[in-house]
Structures are given as structure tokens and as C-alpha cells.
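Examining the three-dimensional arrangement
The chain contents come next:
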Amino acid sequence: MRTASLLAVALLISLPLAPAAMGGDDHEKHEGAVESPLLARFKKLEGRWTGKMSFDGQESDGAVAVYKVTSNGSTVVETLGPGTPHEMVTVIHPDRDALVLTHYCAAGNQPRMRAKGKPTDPKVTFEFADVTNADPSKDTFMHDVTFEFLSDDEFKADWTNYSKGKPSGKATFHLRREKAETKGK
């Protein structure tokens, strides 16, 4: 038992040293890492965004999204409504030559989508691939999303909802980058 405890303590102490032991800083790419030009567009979203959300024409202020680049720069995690009961997470990452996303919805299902578009296009559309924890012919889930990059500090995301195999609504987020307040104002 004492040996197991000492081993656990040694492991905990060595974890902070693991990146250095792996041969580089946090930004060094590992062998086999895929750099996607489309992913680079989403990596630029890192930070906090605020704005408006509309669902089927009813608009409201107070929409919040937070973007974080993680997993050695290979993944972008979007958190919609952070800290709220309806917080949702979307994970965007490469799959060989494609860019994919999984949306972890407040409805309890997980639609997966694949990107269409070129890195230079102002719009990137993710089309439905499949969904877990739902039957597409019966249940309600997010089917596709189009991100429209209006500038480095503004974008729109149009999510299409499906129910019983047909479009049943649209949620639109119009967000702007939240700028850090300048000290001394």
C-alpha cells in the first residue's frame, strides 16, 4: 500500500513536467498532427464573444460564446451560454483532410457535421453527418450550421434545427469579440 501511495505522489509531481519531457513547448506540433487551413479560421475565434441570438425571428440580447484552442492547437472548443442551465459545447477538429464538429446539445443529443467550403470563403457550412442519442426520423436535433465571418471581430452562426426528419427552426447568433477594457479609463 505504501509503495502505491509513493507511486501516486511521484506521478502527480511529474505531471507538470510532462510537456518538457515530451520534447518541446505547448506550441510544437506532434508527429502526425494535421494543420487544417479551415481550422485556422476557427482558431482565430479564441476568446469571449457577446451579441444577439434569434430563434425563428424572436431576437434577444445577452448571447455569450467562449472559444478555446486546445489539444496542442488541433481542436477548438466553443461553449455557448457558459455557466447557464442550457450551456452547450461544440468541438471542432480536423479529420484527415476534412474539418468536423460535434455539437453537445442541451437537448441531450450529439449531432456531428462535416465542413464544406474553402479557407478563403467568408462562409463555412457544416453539413449533417450523423447524430448520437437521437433518431433523425423522429427526434429534434441541430442538423447543420453556417458560420459567416464578417470580420476578425464579428461573425454570424446560423444553426438549422430538424424535427422528424425535416427543418423545424433556425437559431442565429450574431456575435462580436469582447474587447478587454483598457485600464485607466
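Residues numbered from 1 in each chain as written. Predicted model: local features only at pLDDT ≥ 70, side-chain atom pairs only at ≥ 80, totals over all residues. Heavy atoms only, no water.

1. A few points about the sheet that holds strand β1 (residues 47-55)
- Spatially, ten strands are ordered β1-β2-β3-β4-β5-β6-β7-β8-β9-β10 in a closed barrel, and the strand pairing comes out antiparallel. Sheet twist, expressed as the average angle between the axes of neighbouring strands with direction ignored, equals 25 degrees. (Pairing = 2+ DSSP bridges. Helix = DSSP H or I, 4+ residues; strand = E, 2+ residues; numbered from the N terminus. Axes fitted to C-alpha atoms, helices over the stretch in contact; angles between N-to-C directions.)

2. Quick notes on the packing of aromatic side chains
- For the structure shown, the criterion picks out ten aromatic pairs.
- Between F42 and F126, the aromatic rings sit 5.7 Å apart at their centres with planes inclined by 65 degrees, giving edge-to-face as the arrangement. Of this pair, F42 sits in helix α3 (residues 37-43) while F126 sits in strand β7 (residues 123-132); the two residues are 84 residues apart in sequence, bridging distant segments of the chain. Of the two residues, F42 and F126, neither departs from the other in class, the shared state being buried.
- A ring pair is formed by Y67 and F155, whose centres lie 5.9 Å apart and whose planes are at 80 degrees; its orientation type is edge-to-face. One end of the pair, Y67, is in strand β2 (residues 58-70); the other, F155, is in strand β9 (residues 154-163), with 88 residues separating them in the sequence.
- Relative accessible area serves as the criterion here: at 2%, Y67 is assigned to the buried category. (Phe/Tyr/Trp six-rings, centres within 6.5 Å; stacked < 30°, edge-to-face > 60°. Buried < 20%, exposed > 50% of the residue type's maximum accessible area, 1.4 Å probe, protein only.)

3. Observations concerning the environment of M113
- Of note, M113 is situated in strand β6 (residues 110-116).
- Separated by 29 residues in the primary sequence, M113 and M142 place their C-alpha atoms 9.6 Å from one another.

4. Side note on the side chain of N109
- Relative to the elements of secondary structure, N109 occurs in the loop between β5 (98-104) and β6.
- Engagement of the side chain of N109 in a polar contact is seen with the backbone oxygen of T140, the distance being 2.9 Å.
- Excluding anything up to four places from it in sequence, N109 contacts H103, Y104, V131, T132, N133, A134, T140 and F141. (Polar contact = N/O pair within 3.5 Å; in protein donor to acceptor, adjacent residues only side chain to side chain. Contact = heavy atoms within 4.5 Å.)

5. Describing the side chain of S54
- Of note, S54 is situated in strand β1.
- Since its relative accessible area comes to 16%, S54 is described here as buried.
- The contacts of S54, once residues within four sequence positions are left out, are E59, K170, A171 and T172.

6. Observations regarding the environment of K116
- Structurally, the position occupied by K116 is in strand β6.
- A relative accessible area of 48% places K116 in the partly exposed class.
- The spacing of K116 and F126 is ten residues in sequence and 6.1 Å in space, taken between C-alpha atoms.
- Leave out the neighbours within four places in its chain, and K116 touches V124, T125 and E127.

7. Notes on the pairing of strand β4 (residues 88-95)
- With five bridges joining them, strand β3 (residues 75-80) and β4 adopt antiparallel strand pairing. By the bridge assignment for β4, V77 is matched with V91.
- Adjacent in sequence and paired antiparallel, β4 and β5 are bridged by two residues, among which R96 carries a positive phi angle near 55 degrees.

8. A closer look at the nonpolar core
- By size, the foremost hydrophobic cluster in this structure holds 27 residues, and its most contacted members are F42, F126, F147 and F155.
- At four residues, strand β8 (residues 140-151) tops the list of elements feeding residues into this core.
- Excluding its chain neighbours within four sequence positions, the residues that come into contact with F42 are V76, I92, L99, V124, F126, F147 and F149. (Core = buried A, V, L, I, M, F, W, Y, C linked by side-chain atoms within 4.5 Å.)

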